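Residue strings, one per chain:
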Amino acid sequence: MRQKGGSLFMLLTYIESLEEILLQLQQRYLTHERPDNRRDPDFFSLVKEETDPIFTLIDQWYQEAVPFVQDREVRVHPQQVDSTEENMKLLLLHSYYIDTPKSRYMELHQSVLYVMELLKQDLKQ
């Protein structure tokens, strides 16, 4: 089953939006301090309010990316899409809670960007 051009356009739009958000999250991670109290209800509310739309966007990206990599000869495997979805969600939370070493954060970030770049290249073929 092949995706229609509109789905391919949506996938590219999701990728570009997420790449921009990932850069903003990286800046947040690099410039903010670890929260004093991770269990603070106000902090939790802030994180929930700011991350819910991004979680939704990640889910939308995933819904478009899975059939794209399953239905075509592309360089990205379905398992990479699964891992990238999980890594984006981890990055999102780590960007607020600042609870992972910088090297690990950057590895996750680079891994996600790498898969996104491969997907963009495959979309343009």
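What counts, and where the lines are drawn
- Per-chain numbering applies: the sequence of each chain, read as written, is numbered from 1 onward.
- The predicted origin of the model limits local features to residues at a pLDDT of at least 70 and limits the giving and counting of side-chain atom pairs to 80 or more, whereas totals for whole chains, interfaces and linings rest on all residues.
- Excluding hydrogens and water, the side-chain figures rest on all heavy atoms present in the structure.
- The helix count covers DSSP runs of H or I at least four residues long, the strand count covers runs of E at least two residues long, and both are numbered beginning at the N terminus.
- By definition in these notes, contact holds between two residues if any of their heavy atoms fall within 4.5 Å.
- Each residue's exposure class comes from its accessible area (1.4 Å probe, protein chains only) as a fraction of the maximum for that residue type: buried when under 20%, exposed when over 50%, partly exposed otherwise.
- Between rings of Phe, Tyr and Trp, where Trp is taken as its six-membered ring, a pair exists when centres lie within 6.5 Å; planes separated by under 30 degrees are stacked, by over 60 edge-to-face, and by other angles tilted.
- One side-chain nitrogen of Lys or Arg within 4 Å of one carboxyl oxygen of Asp or Glu is enough to make a salt bridge.

**Student:** Can you break down the side chain of Asp122 residue by residue, with the values?
**Tutor:** Position of Asp122 among the secondary structure elements: in helix α4 (residues 102-123). When residues no more than four places from it in sequence are discounted, the contact partners of Asp122 are Phe68, Val74, Arg75 and Val76.

**Student:** Give me the lowdown on the side chain of Glu85, citing residues and values where you can.
**Tutor:** Inspection of the secondary structure puts Glu85 in helix α3 (residues 78-97). Residue class for Glu85 comes out buried when judged on its relative accessible area of 16%. Leave out the neighbours within four places in its chain, and Glu85 touches Ile58, Asp59, Trp61 and Tyr62.

**Student:** Break down the packing of aromatic side chains for me, citing the residues and quoting the values.
**Tutor:** For any two aromatic rings, the description comes down to two numbers: the centre-to-centre distance and the angle of the planes. Taken as a whole and judged by the stated rule, the model has two aromatic pairs. Aromatic pair Tyr29 and Tyr105: ring centres 3.9 Å apart, planes at 5°, arrangement stacked. One end of the pair, Tyr29, is in helix α1 (residues 5-31); the other, Tyr105, is in helix α4, and 76 residues separate them in sequence. Ring geometry for Phe43 and Tyr97: centres 5.2 Å apart, planes at 85°, overall edge-to-face. One end of the pair, Phe43, is in helix α2 (residues 41-71); the other, Tyr97, is in helix α3, with 54 residues separating them in the sequence. Exposure class is identical for Phe43 and Tyr97. Each is buried.

**Student:** Can you tell me about unusual backbone geometry, naming the residues and giving the values?
**Tutor:** Residues other than glycine seldom take positive phi values, yet Ile98 does so here, at roughly 45°. Of note, Ile98 is situated in the loop between α3 and α4.

**Student:** Report on the pattern of salt bridges, specifying residues and quantitative values.
**Tutor:** For side chains bearing opposite charge, pairing can occur when the charged atoms are close. The full count for this structure, using the stated rule, is eight salt bridges. The residue Asp99 makes a salt bridge to Arg38 at a minimum N-O spacing of 3.2 Å. On the criterion of sequence distance, the pair formed by Asp99 in the loop between α3 and α4 and Arg38 in the loop between α1 and α2 is long-range, its members being 61 residues apart. Asp99 sits in the partly exposed class, given a relative accessible area of 32%. Of the charged contacts, one joins Glu107 and Arg104 as a salt bridge, the two residues approaching to 3.7 Å between their closest N and O atoms. On the criterion of helical spacing, the pair formed by Glu107 and Arg104 is a turn pair, its members being three residues apart in helix α4. What you see here is one network of salt bridges that share partners, running through Glu19, Glu117 and Lys120.

Geometry only, nothing functional implied.
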